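# Residue-level structure breakdown
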Amino acid sequence: MSKFYVTTSIAYVNAPPHIGFALESLQADVLARYHKQKGDESFFLTGTDEHGAKIAKVADERGISPKQVVDENAIRFKELKGALNLSWDNFIRTSDQKIHWPVAQEMWRRLEKAGDLYRKSYEGLYCVGHEAFVTQKDLVPAVNGRNHSDQSIGVTLVCADHQKEPELIKEENWFFKLSKYTGEIESRIKNDELRIVPESRKNEILSLLKEGLEDVSFSRPSKDLPWGVPVPGDDTQTMYVWADALSNYISGYACPPAGGADCLKKWEQHPADVHVIGKDILRFHAAIWPGMLLSAGLPLPKAIYVHGHILSGGRKMSKSLGNVVDPFELVDKYSADSVRYYLLREIPSSADGDFSYEKFEERYNGDLANGLGNFAARVSTLADKLGELSGGLDGMVEQKIKELVGKANQKLGEFKLHESLSAIWELLHFGDQYLNENKPWDKSVSEGNKQQAIHNSVVILDNVASLLLPFLPETSAKISKAIRIEGGKIEVEKISNLFPRMEKIKT
RNA sequence: CGCGGGGUGGAGAAGUGGUUAUCUCGUUUGGCUCAUAACCAAAAGAUCGUUGGUUCGAAUCCAACCCCCGCAACCA
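Within every chain, residues take consecutive numbers counted from 1 along the sequence as written. Labels are handed out in written order, letters beginning with A for the chains and numbers beginning with 1 for the ligands. This being a predicted model, a pLDDT of at least 70 is required before a residue's local features are given, and a value of 80 or more before pairs of side-chain atoms are given or counted; all residues contribute to the totals for chains, interfaces and linings. With hydrogens and water set aside, each side-chain value is computed from the structure's full complement of heavy atoms.

## Points about helix 6 (residues 199–210)
Here is the rule we go by: Under the scheme used here, helices are H or I runs from DSSP no shorter than 4 residues and strands are E runs no shorter than 2 residues, and both carry numbers assigned from the N terminus. The span one expects for a helix is its residue count, reduced by one, times 1.5 Å. Think of it in three bands: residues with accessible area under 20% of the maximum for their type are buried, residues over 50% are exposed, and the middle band is partly exposed, with areas taken using a 1.4 Å probe on protein chains only. The arc in question is traced by the directions running from the helix axis to the C-beta atoms. A contact between two residues is defined here by any heavy atoms of the two lying within 4.5 Å.
For helix 6, with 12 residues, the first-to-last C-alpha span of 16 Å sits near the 16 Å given by 1.5 Å per residue. For helix 6, every residue scored as buried is listed here: Arg201, Lys202, Ile205, Leu206 and Leu209. The buried residues of helix 6 occupy an angular sector of 135° when projected down its axis, which confines them to one face. In this structure, the buried residues of helix 6 make contact with helix 5 (182–190), strand 10 (195–197), helix 10 (282–295) and strand 15 (303–307). Glycine 212 sits one or two positions beyond helix 6 and adopts a positive phi of about 95°.

## Considerations on the protein's contact with RNA strand B
Heads up, the rule is: Throughout, near means a residue has at least one heavy atom within 4 Å of the molecule or strand. Counted as a polar contact is a pair of N or O atoms within 3.5 Å, where, for protein atoms, one must be capable of donating a hydrogen and the other of accepting one, and residues adjacent in sequence contribute only when both atoms are in side chains. Side-chain classes follow a simple rule in which Ala, Val, Leu, Ile, Met, Phe, Trp, Tyr, Cys and Pro form the nonpolar group, Asp, Glu, Lys and Arg form the charged group, and the remainder, Gly included, forms the polar group.
Neighbouring RNA strand B are 36 residues, the closest being Asp49, Tyr240, Asn374, His429 and Asn436. The sugar-phosphate backbone supplies 65% of the atoms of RNA strand B found within 4 Å of the protein. In the model, a sugar or linking oxygen of RNA strand B is placed 2.3 Å from a nitrogen or oxygen of the aspartate 49 side chain. Within the side chain of arginine 283, a nitrogen or oxygen atom sits 3.0 Å from a sugar or linking oxygen of RNA strand B. Contributions of two or more residues to the surface near RNA strand B are made by strand 11 (216–217), helix 7 (241–246), helix 10, helix 13 (357–386) and helix 15 (417–438). Broken down by element, the residue count for the surface near RNA strand B peaks at 10 residues, all from helix 13. Looking at the surface near RNA strand B, its residues break down into 13 nonpolar, 11 polar and 12 charged.

## Things to note about unusual backbone geometry
The step from valine 197 to proline 198 runs through a cis peptide bond, and the omega angle for that step is 0°. Following the sequence through the fold, proline 198 ends up in the loop between strand 10 and helix 6. Despite not being glycine, aspartate 192 has its phi angle at roughly 65°, a positive value. Examined against the element boundaries, aspartate 192 turns out to sit in the loop between helix 5 and strand 10.

## Notes on the pairing of strand 3 (residues 41–49)
Threshold: Strands qualify as paired when DSSP identifies two bridges or more between them.
Taking burial as the measure, the nine residues of strand 3 include eight buried ones, the bulk of the element. Where strand 1 (residues 3–8) lies against strand 3, five bridges are found, and the strand directions are parallel. Note that in strand 3 the partner of phenylalanine 4 across the bridge is serine 42. Where strand 3 and strand 4 (residues 90–93) come together, four bridges link them in parallel fashion.

Rendered as structure tokens:
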């Protein structure tokens, strides 16, 4: 038995759960369930990132404490477990002062001890409207008439949102010597000690590393960032997101009750096997996080699996377009397993994918109702009519099962979840073909051949159920429960309407 | 010349030098009737973004160009 530790990224709680986070959770869930099924000791971690100026601002606007804001929102993320039938073992919240903070602070001390943290003044453009620093790209030429006065020096640049000229502000921060680790990180990724999947993402990060990493700011003055983990030994500064949020992979990893430094030991013995993340945060996980771990003298995760984003109707989801898809609404309307199936099958597991109700319906009717549901009903009805079955396994059927089970598992190992599902459906298709060829309902077929054909179909169905366990746990259990195989004898209960066909709702 | 990813039948994808370019959905036709008007088979439908090159042979390698999408360091 081996160990398997998988994580999702932690979600920022300034908004309710997004369907993209649902996808990420499902992908990690499949991996966790698969390893559990194999008999591995699996640990699946998820959680929420709860600090930052944005949260503090929301709290301020609503006249409540930041703690209240994050408590409210974190619940929504936890509820995803029930809604989507997730199997995570722990949910870590970065506002957890008892478990998380000591770990984040211990990490900080380690970096400091390694001589990798230093003070430096940071200079930036500060917009009063944003109450935050803005970058050059946030600025646009002024369009206001009153700004036209100083044409002598050209156009005035102002903040796009507030039409105000930003101030130049200097402040002192702690910086992390990430640049020091560029070479080491690069070589670890290059030789797959830290595997980045898919290949295209690996190349992307390698080309970034080739240009070299710069040191990153690791803290903010506490007056600007009041809501966060205090920097150990410097009460004027609060940790900026990196040391805080990324440490969750250690603090959330079944931290021993003693906490703090003891948590790091656990990671030292067995770091994460996979971090499942979105393409938007690749560089943080493939550069800053490994840099921190190297500095702290800790092992790197073994793999980072990068998924794409979900588009809605071919476009980026955004509130202003009104095409945001709420995962809870979906599950409510359909079922957990059908939403799981759609997201895991339709969205290529390492590229962008699209969500639309039309496609959902197509997948549901085509694959779940007509494919899986119908085959289960078909086989179980045939078997139920005959009562107890005996007979052997056809060599050709056995070989096909072996081939496709192998393919499904191989794809899973490559994190190609949608292709793994596709292999399972190949097996279903083979089952339908097999039945049509052997016609166990036909009067001209001998009793022995009928028994044989149905026996083989049941074995196919049983294998499908087993392969489906990580993807569609509920459905898989329903099918498995109906099939009893003991020695050469088989008994099957009738399985009806796993997925009732949907009527066309939309044009 | 910032970096990267991508452009394959109506839609979505697979396919990194070699016989008639694969799969799913959709369309048409035939078969079957155990099954959720489900299942099986066959057919139609692609100048593989454009142009040029390498090669006996390219979707696949090279060059130029066009188009789409990310990223461009503090935004998680």
